[in-house]
Amino acid sequence: MARTGRRPGNQGTREAILTAARAAFAERGYDGASIRAIATGAGVDPALVHHYFGAKDQLFLAVMQAPLDPGKLIPQVIAGDREHIGERVVRMFLSVWDSQAGATLAALVRSAVQHDWMARLLQEFLSTQVLRRAMQQIAIDPTEAPYRANLVETQIIGLVMARYILRAEPLASADPEVVVALIAPTVQRYLTEPLPVEPAR
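Overview of the structure. (Residues numbered from 1 in each chain as written. Predicted model: local features only at pLDDT ≥ 70, side-chain atom pairs only at ≥ 80, totals over all residues. Heavy atoms only, no water.)

Okay, helix 10 (residues 176-192) next. Taking 1.5 Å per residue as the helical rise, helix 10 with its 17 residues ought to reach 24 Å, and the 23 Å between its terminal C-alpha atoms agrees with that figure. The sharpest bend along helix 10 reaches about 40° and sits at isoleucine 183, with the proline proline 185 one to four residues further on. Val179, Val180, Ile183, Ala184, Val187, Gln188, Tyr190 and Leu191 are the residues of helix 10 that are buried. In this structure, the buried side of helix 10 is in contact with helix 6 (85-97), helix 8 (116-138) and helix 9 (145-165). Backbone nitrogen of glutamate 177 and a side-chain oxygen of the N-cap are separated by 2.8 Å at the start of helix 10; the cap is aspartate 175. (Helix = DSSP H or I, 4+ residues; strand = E, 2+ residues; numbered from the N terminus. Expected span 1.5 Å × (residues − 1). Bend = angle between axes of the 7 residues up to and from the residue. Buried < 20%, exposed > 50% of the residue type's maximum accessible area, 1.4 Å probe, protein only. Contact = heavy atoms within 4.5 Å. Polar contact = N/O pair within 3.5 Å; in protein donor to acceptor, adjacent residues only side chain to side chain.)

For helix 7 (residues 101-114), which comprises 14 residues, the first-to-last C-alpha distance of 21 Å matches the rise-based estimate of 20 Å (1.5 Å per residue) to within 8%. Within helix 7 the residues assigned to the buried category are Ala101, Gly102, Leu105, Ala106, Leu108, Val109, Ser111 and Ala112.

So, on to the packing of helix 5 (residues 70-78) against helix 6. Packing of helix 5 against helix 6 leaves a shortest axis separation of 9 Å and a crossing angle of 145°. For the crossing formed where helix 5 meets helix 6, the hand is right-handed. Contacts from Leu73, Gln76, Val77 and Ile78 of helix 5 reach helix 6 at Ile85, Arg88, Val89, Met92 and Val96. Split into classes, the residues belonging to the contact of helix 5 with helix 6 amount to seven nonpolar, one polar and one charged. (Axes fitted to C-alpha atoms, helices over the stretch in contact; angles between N-to-C directions. Left-handed = near helix turned anticlockwise from the far one by under 90°. Nonpolar A, V, L, I, M, F, W, Y, C, P; charged D, E, K, R; others polar.)

Here the focus is the environment of proline 67. Among the structural elements, proline 67 can be located in the loop between helix 4 (56-64) and helix 5. A C-alpha to C-alpha distance of 7.6 Å links proline 67 and leucine 105, two positions 38 residues apart in sequence. In contact with proline 67, not counting residues within four places along its chain, are Ala101, Thr104 and Leu105.

The analysis is restricted to geometry; functional conclusions fall outside its scope.
Shown next as structure tokens:
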């Protein structure tokens, strides 16, 4: 006998899980949203969530309709000397935005500007799937990591808005390596140089 209140594995199950996950991630954040709670919201067994999407990070990528997996890109950025990580971070972002994935990412940013819930999801995506993973691999002081991540966000989001959304010239048409040379030193400072004030502990 089927359990009451549970949705069978039919064609609508995947969308029901995505809808419940979208609401959970927007309301509770990535860390606060559990697979069990998402399954309850979708009216399915937690095993079905894993069946359709695998681990929570993969479900989050599906909710965001992310055209790429940051977990596969971050090791490329981290590899190499610490003194040039700012260059690799900016170069990676530019290569992604200048690729076919750029149109999808631009749509996500425009949606985030228009909708508070999408803004929360995008911020969660950047902080948990991109910057926090990078901070862990760079081995930055955990007390400073959230501040440094937010500071990097100010540069990356500002760059995205100016170059790809507002199309502000001359930045919009500048050669990627010119942009790297202009932006990377600030990102490098935010990642590795001493902060001017001690973060609250």
